[in-house]
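In case you want the letters, here they are:
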Amino acid sequence: MAGIIDQDYLQVLPNIKNKLKKFNRLDDSAYDDVITPSSVSGEKKEGDEEKSLEMSETSSPGSSNIMDTLDDLPPGIGQYDDFHTIDWLRDIARDRMRHRHIVKKRQEGCWEQVKGAHDAWSGWVCVLLVGVAAGTCAGIIDIGSSWMSDLKEGVCLEAFWFNREQCCWSGPSLNSTSMNEDSDCDQWYSWGRMMGSGAGGAGSYIIGYLFYILWALLFGVLAALLVRMFAPYACGSGIPEIKTILSGFIIRGYLGKWTLLIKSLGMMLSVAAGLSLGKEGPFVHVACCCGNIFSYLFPKYGRNEAKKREVLSAAAAAGVSVAFGAPIGGVLFSLEEVSYYFPLKTLWRSFFCALIAAFILRSINPFGNDHLVMFSIDYNEPWTLQELIPFILIGALGGLFGKFFIKFNIMWCRYRKMSRLGNYPIFEVLGIVFITALLSYPNPYTRMNSSELIRLLVSRCGPEDDTEICDYKRSSNITDPFKWSALAGAGVGSAVWKLALALIFKMIITIFTFGIKIPAGLFIPSMAVGSIIGRIVGIGVEQLVVNNANSVFFSNICESQGKCIITPGLYAMVGAAAALGGVTRMTVSLVVIMFELTGGLEYIVPMMAAAMTSKWVGDALGRESIYDAHIALNGYPYLDHKEEFTHTTIAADVMRPRYWRYGTGVRNDPPLAVITQDSMTVEETESLLRNTEHNGFPVVVSRESQYLVGFVLRRDLNLAIANARKTSEGVVSNSIIYFTGHVPVDPNGPAPLKLRKILDMAPVTITDQTPMETVVEMFRKLGLRQTLVTHNGRLLGIITKKDVLRHIAQLRNQDPESILFN
């Protein structure tokens, strides 16, 4: 970054020493060196003022190099290394300058006008392509995962590419089809039937059990091997990393082509393995991979990391849109949960991208029911005020589950990282798959796919349902008996016990499953746990009301004939929202997603009450969501903009060098590694690059004055020197490097090297007494990588984003060294 002399001050005020404005920003890295004692002594050596004046004379107000385009610079200048944070201000300023340059060129002819129009609509074209790609990928993944999931239980011999539902209801012998929960249709062959065992016998059950486990192990090991061999970044849900990337962090390869391919295949295999994980969360990662790939077709986004994140925010919205069939919820999810920088135009483009993705998915029709949503409901029975009590109770249980899951999952993931278990990810996957398949097969509610389980639990028992969960003692004398609640039969009691066992199993197994090295997410498992809780509570409330139909408390629920309306499916729907909210701490976007997911417009208030209760209970026990907890576990430099900083520390308490306190005179650290503007040779600069690991260097007027001229990135300096040695004649080791506009001509000396174009002259500084509350807000709202700390215009130290995160961790009594990346 750079220091720049304000020319108005130089022209108006005679006392230059007291009015110089210095700004500087360093790269996001640990910078341990500081300025020498002479630099803060308050003395100004003879000649410094003249050099400062010369610098100001050669710098025009509009000559700051962040306003330069990169077209005339060596390739790679202005880009970022892996695991570095982007400079939002510099990238946004460059884009504005690029836009002004295009507007100016429009006057030169029709071709320039066409190029300007292309630049104007390139953003819309990019998000259009992303939406199409996201919808297509989602359709393929949905169809593939459904087919492979059913493959564990049998195969359609006449058309092996059909899953069980398509085989039975689209087969050639439609009239002879009789599919239900426990029997096969004529076209569908279970593995027991394939092996010649009779349907319903012990032999058929054992054969089906063995094939279920074998297929699950095969799918699990394939998913783990693909991730291990081709795309290590394809594991997990990807949302913690997407949040970190959208905050400005660079993770090369995380959104690449191989990651997209392996993530898509791995999601199908993971879901088919029957693990307590879902494919909906990773859709965000898949869509962002599409966004990253298509952004390179448009240099406006491909060459500007800040602009690229606008496309990625729209892609994240498309990911949730295709995951749940919820375009509006996807936009709100991107705004509330993952995006860091979300201008108004990004809101419009996110909506457009989510709309296109949902349209493409609807055209593919992966669910085969002409519905965009997975859990469409067909009832709209009213709810009453008394039911808010169990709704709030379900919300509290969802918050408790969220805290329970986050705490123990993080404990297990930390143990995995610190123990030898982390060295054997494939064996861990095999172990989890085997245990899951072994224990889930006997219980029909754990054997079935989690999406199918949620669909079953949120639905109403209709006339065609003969499952045990719909075993009610209904009176045939009542018109439309399936609308009214009734006493539960023996099947409902059996279903409640099985659901309770499924609840315990899913709560425990998901803790150990989330985080293993396969592509999978957490949305659907959380919703499955919540829907089980909600359905059990709903059945309990239903039987309480039915058995006390004449009670005054239930007078507005039951009619005079004893007919009562309680919908257990509604409670399951509310429970799914509560559990998902407890784990992710979403609120507004969660309610909208659930509304779009089910189509239950009548039930917005119950879902809002449960979502808010879940968040309040969860935040009372711990404010971190599962994604924030995994960000902290992985040590990503993510500064949460939703957290408040309320401590009374100041910049001098955090800056590097940490020992410095104004007035103490204590100095033990080595001096600051700086580059002078017009006196260092190429050889001296290369030696500085070899002997230090800093990611950037301040450029000063002289070592004695330490007045800032600017800041140059290590990467840019290396590239510029290497390019100059190859392309410029006369540049040798003793050539002087100039960062000034005026370069003196010496006919007897070596050719100078002018590098002013790579100098960043848009610095941000604070004083040593600036409250850290202000500093943290600057880092959050401006997207700073770092800022310099000054006293009376002279450099004292630096505060990087990593320093801020370490300081916050230290104030929370956490290990400050847990921030792993620079």
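As shown above, the structure is provided for reference.
Residues numbered from 1 in each chain as written. Predicted model: local features only at pLDDT ≥ 70, side-chain atom pairs only at ≥ 80, totals over all residues. Heavy atoms only, no water.

What follows covers the sheet that holds strand E7 (residues 708-713). Strand order in this open sheet of three strands is E5-E6-E7, and the pairing throughout is mixed. One side of each edge strand has no neighbouring strand; the edge strands of this open sheet are strand E5 (675-676) and E7. Here E5 runs beside strand E6 (residues 696-700); their pairing, made up of two bridges, is parallel. What sits directly across from Ile675, in E6, is Val699. Sitting on the sheet, helix H27 (residues 714-727) is in contact with E5, E6 and E7, with an inclination near 80° to E7. (Pairing = 2+ DSSP bridges. Helix = DSSP H or I, 4+ residues; strand = E, 2+ residues; numbered from the N terminus. Contact = heavy atoms within 4.5 Å. Axes fitted to C-alpha atoms, helices over the stretch in contact; angles between N-to-C directions.)

Okay, the environment of Ile206 next. Among the secondary structure elements, Ile206 is positioned in helix H8 (residues 202-230). Distance from Ile206 to Gly192, taken between C-alpha atoms, is 8.0 Å for residues 14 residues apart in sequence.

With that settled, consider the packing of aromatic side chains. Evaluated as defined, the whole model comprises 25 aromatic pairs. Between Phe83 and Phe249 the ring centres are 6.0 Å apart and the planes differ by 45°, which places this aromatic pair in the tilted class. Taken together, the positions of Phe83 in the loop between helix H3 (48-57) and helix H4 (88-105) and Phe249 in the loop between helix H9 (239-246) and helix H10 (257-272) put the pair 166 residues apart, joining distant regions of the chain. Looking at Phe83, the relative accessible area reads 24%, which means it is partly exposed. Ring plane angle 35° and centroid distance 5.4 Å describe the contact between Trp412 and Tyr415, whose orientation is recorded as tilted. Separated by three residues within a single helix, Trp412 and Tyr415 lie in helix H16 (residues 388-418), roughly one turn from each other. Three or more aromatic residues joined by ring pairs form one cluster here, namely Trp191, Phe211, Trp215 and Phe219. Lying across the ring of Phe408, Lys407 places its NZ or CZ 5.8 Å from the centre. Of note, Arg447 hangs over the ring of Tyr441, and the distance from its end group to the ring centre comes to 4.1 Å. (Phe/Tyr/Trp six-rings, centres within 6.5 Å; stacked < 30°, edge-to-face > 60°. Buried < 20%, exposed > 50% of the residue type's maximum accessible area, 1.4 Å probe, protein only. Lys NZ or Arg CZ within 6 Å of the ring centre and 35° of its normal.)

The element strand E11 (residues 786-791) is extensively covered by neighbouring structure, given that six of its six residues are classed as buried. Where burial is concerned, the two faces of E11 agree: the one with Gln786, Leu788 and Thr790 and the one with Thr787, Val789 and His791 are both buried. Here strand E10 (residues 765-767) pairs with E11 via three bridges, running parallel. Bridging across to E11, Thr765 finds its partner in Leu788. As for the winding sense of the linkage, the β-α-β connection from E10 through helix H28 (residues 772-782) to E11 is right-handed. The pairing of E11 with strand E12 (residues 794-800) spans six bridges and is antiparallel. Bridged to His791 within E12 is Arg794. (Right-handed = clockwise from strand over helix to strand, strands pointing away.)

In this structure the tally under the stated criterion is two disulfides. Linked covalently through their sulfurs, Cys461 and Cys470 form a disulfide whose S-S length is 2.1 Å. A torsion of -85° about the S-S bond marks the disulfide between Cys461 and Cys470 as left-handed. Comparing Cys461 with Cys470 shows no difference in burial state: the two are buried. (Disulfide = S-S within 2.5 Å.)

Counting 163 residues, the largest nonpolar core has Phe324, Met527, Met594 and Ile799 as its most contacted members. Aside from chain neighbours lying at most four places away, what touches Met594 is Met527, Met573, Ala576, Ala577, Gly599 and Met607. Residues Met680, Phe697, Val709 and Ala724 belong to the second largest nonpolar core, which totals 25 residues. (Core = buried A, V, L, I, M, F, W, Y, C linked by side-chain atoms within 4.5 Å.)

Bringing helix H11 (residues 282-295) into the picture now. For H11, with 14 residues, the first-to-last C-alpha span of 20 Å sits near the 20 Å given by 1.5 Å per residue. Three or more residues of H11 are buried, namely Pro282, Phe283, Val284, His285, Val286, Ala287, Cys288, Cys289, Cys290, Gly291, Asn292 and Ser295. (Expected span 1.5 Å × (residues − 1).)

Here the phi dihedral of Phe83 falls at roughly 60°; this positive angle occurs in a residue that is not glycine. Phi at Arg585 takes a positive value of approximately 65°, unusual for a residue other than glycine. Structurally, the position occupied by Arg585 is in the loop between helix H22 (568-584) and helix H23 (588-598).

Taking 1.5 Å of rise per residue, 14 residues should cover 20 Å, and H27 covers 20 Å from first to last C-alpha, within 8% of that figure. All of the buried residues along H27 are Arg714, Asp716, Leu717, Ala720, Ile721 and Ala724. Summarising the axial view, the buried residues of H27 lie within an arc of 165°, below the 170-degree limit, and thus occupy one face. Residues of H27 that are exposed and angled more than 90 degrees away from the buried face: Lys726 and Thr727. (Arc of directions from axis to C-beta.)

Here three strands make up an open sheet; going across it, the order is E10-E11-E12 and the pairing mixed. Both edges of this open sheet fall to E10 and E12, since each of them pairs with a single strand only. Across the sheet, the mean angle from the axis of one strand to that of its neighbour is 35°, orientation sign disregarded. Strand contacts of H28: E10, E11 and E12, with the helix running at about 60° to E12, the strand carrying the most contacts.

Before going further, it helps to spend a moment on the environment of Ile360. In this structure, Ile360 sits in helix H15 (residues 344-364). In this structure the C-alpha to C-alpha distance between Ile360 and Ala134, which are 226 residues apart in sequence, comes to 8.5 Å. The contacts of Ile360, once residues within four sequence positions are left out, are Val132, Gly135 and Thr136.

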